[in-house]
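Each chain, letter by letter, is given below.
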Amino acid sequence: MLLHVLLRRVEVSQREHVKGLDTAKTELTTAMDRLDAIVRASPLALYVLDRDGRVSLWSPAAERLFGWSAAEVKGRPLPTVMADKRAEFESILAASFAGEVLVGREVVRRRRDGSRLEISLHTAPLENPGEGVTAVLFMAADVTAARELTRERDRLFNHSTDLLSVADFSGSLQQVNPAWTTILGYEPGELVGRAMVELVHPDDLSAFLAMGERLVEGFPVRNFEARYMKKDGTYT
C-alpha cells in the first residue's frame, strides 16, 4: 500500500515536471518568435558578432544596407570593415566585450559593391549567466546622406560673401561665417556670445527687433537689411 502511494506521488511529480517543461518550451518558442519578428522589422541594420568578429546574426536591414545576404556572412568575419579601419573595429569589439556600450559612434564602412558609407553605430554586450559577455549586438543606421548635407551646408556657410550667423533665442551670436571678418573686421572669437543688437545701427534697431520677434514666432524673414558696426566703429 505504501509503495503504491509512493509510486503515485512519483507519477504525479513527473507529470507536473513534463507539464512545466512543455510550458517553458512554449514560452521560449513564443519569445524567440517575437525576437525574430523584431529583428526582421527593425529599420536599423542589426548584426551579432562573436569574440573573433564572426557573424552569427544578420538582419534583413543589414542585407539592404551593406548588400551581403545572411547566407554570405553568417559564420564568417564581418566583411564591412576596410583594411584601414581594422584597428578601429578591433578596438570597438574589444571594448564591447569588456562591457562598454557604444552610443552613436560614427564610423565609415563599405558595401558589397565597394562603395563607402557613413554609419551611426550602437552596441550592446550580450551576456550568458556564468559566462559573461559571449557576443555583441551591433545596430547601424546610415547617415551618409545626412553627413553630406551637413558638409554642403558648411561649405555654403563658410564660403558665402554674405553675413551669415547662428544666434540663440536671446539674440546672442553662437557662430559666424568668415564674411564677418572680411566685411566688419571682427575675428569670430570677438563676436561669439555677443548680442547682435550691440552691432546694429541705432536707426535700424526697431526694425531689427521686430524682425527678431517674427523669427522667434516661427515666421520666415527674407531680404532684411540693416547697418552693422565695423570693428573701427563705422557702419556698413
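Residues numbered from 1 in each chain as written. Predicted model: local features only at pLDDT ≥ 70, side-chain atom pairs only at ≥ 80, totals over all residues. Heavy atoms only, no water.

Some remarks on the overall build of the protein
And then number 1: A tally of regular secondary structure across the protein gives eight helices and seven strands.
And then number 2: A total of 236 residues make up the protein; the buried ones form 28% of that total.
And then number 3: For the protein, the proportion of contacts with a sequence separation of at least 24, taken over those separated by at least 6, is 38%. (Helix = DSSP H or I, 4+ residues; strand = E, 2+ residues; numbered from the N terminus. Buried < 20%, exposed > 50% of the residue type's maximum accessible area, 1.4 Å probe, protein only. Contact = heavy atoms within 4.5 Å.)

Comments concerning the sheet that holds strand S1 (residues 45-49)
Pairing between the strands of a sheet comes from backbone hydrogen bonds, and it takes one of two forms, parallel or antiparallel.
And then number 1: Taken together, the five strands give an open sheet; going across it, the order is S2-S1-S5-S4-S3, and neighbouring strands pair in antiparallel fashion. Every interior strand has two partners, whereas the edge strands, strand S2 (55-58) and strand S3 (105-110), have only one. Across the sheet, the axes of successive neighbouring strands diverge by a mean angle of 35°, strand direction being ignored.
And then number 2: Contacting S1, S3, strand S4 (116-128) and strand S5 (132-142), helix H4 (residues 86-97) crosses the sheet at an angle of about 130° to S5.
And then number 3: Its contacts with the sheet place helix H5 (residues 144-159) against S3, S4 and S5, and it is angled at close to 135° to S4. (Pairing = 2+ DSSP bridges. Axes fitted to C-alpha atoms, helices over the stretch in contact; angles between N-to-C directions.)

Here's the deal with the pairing of S4
And then number 1: Sheet topology places S3 next to S4; six bridges connect them, and they run antiparallel. If you follow Arg110 over to S4, its bridge partner there is Arg116.
And then number 2: Connecting S3 to the next strand, S4, in antiparallel fashion are five residues, including Gly114 with a positive phi near 95°.
And then number 3: Here 10 bridges tie S4 to S5, and the two strands are oriented antiparallel to one another. Within S5, the position partnered with Ala124 by the bridge is Leu137.
And then number 4: Connecting S4 to the next strand, S5, in antiparallel fashion are three residues, including Gly130 with a positive phi near 80°.

A few points about unusual backbone geometry
Leaving glycine out, the prevailing phi sign among residues is negative, and the prevailing peptide bond configuration is trans.
And then number 1: The phi dihedral of Asn223 falls on the positive side, at around 55°, and the residue is not glycine.
And then number 2: Within the element layout of this structure, Asn223 appears in the segment after helix H8 (205-216).
And then number 3: According to the relative accessible area criterion, Asn223 is exposed, its value standing at 77%.

A short note on the pairing of S5
And then number 1: Pairing analysis gives five bridges linking S1 to S5, with the strands arranged antiparallel. By the bridge assignment for S5, Val48 is matched with Leu137.

Quick look at the pattern of salt bridges
And then number 1: Summed over the entire model, instances satisfying the criterion amount to 16 salt bridges.
And then number 2: Between Asp52 and Arg54 there is a salt bridge, and its shortest N-O distance comes to 3.3 Å.
And then number 3: A residue is classified by how much of its surface remains accessible, and Asp52, at 56% relative accessible area, is exposed.
And then number 4: According to the relative accessible area criterion, Arg54 is partly exposed, its value standing at 34%.
And then number 5: Linked by salt bridges that have partners in common, Glu118, Glu148, Arg151, Glu152 and Arg155 make up one network. (Salt bridge = Lys/Arg side-chain N within 4 Å of Asp/Glu carboxyl O.)

Quick notes on the packing of aromatic side chains
And then number 1: Within this structure, the stated rule accounts for six aromatic pairs.
And then number 2: When the ring of Tyr47 is compared with that of Phe138, the centres are 5.3 Å apart and the planes differ by 0°; the resulting orientation is stacked. Taken together, the residues Tyr47 in strand S1 and Phe138 in strand S5 connect sequence positions 91 residues apart. Take Tyr47 and Phe138: they sit in the same class, and that class is buried.
And then number 3: An aromatic cluster is built from Tyr47, Trp58, Phe66 and Phe138, whose rings are joined through pairwise contacts. (Phe/Tyr/Trp six-rings, centres within 6.5 Å; stacked < 30°, edge-to-face > 60°.)

What about H8?
And then number 1: Its 12 residues place the ends of H8 17 Å apart at the C-alpha level, agreeing with the 16 Å of an ideal helix rising 1.5 Å per residue.
And then number 2: Gly218, located one to two residues past H8, shows a positive phi value of around 95°. (Expected span 1.5 Å × (residues − 1).)

As for the side chain of Asp204
And then number 1: Here Asp204 lies in the loop between helix H7 (188-191) and H8.
And then number 2: Residue class for Asp204 comes out buried when judged on its relative accessible area of 14%.

Let's talk about the environment of Leu126
And then number 1: For Leu126, the position within the fold is in strand S4.
And then number 2: On the basis of relative accessible area, Leu126 is assigned to the partly exposed category, the value being 31%.
And then number 3: Considered as a pair, Leu126 and Gly99 are 27 residues apart in the sequence and their alpha carbons are 8.9 Å apart.
And then number 4: Excluding residues that lie within four positions of it along the chain, Leu126 makes contacts with Val48, Gly132, Val133, Thr134, Ala135, Val136 and Leu137.

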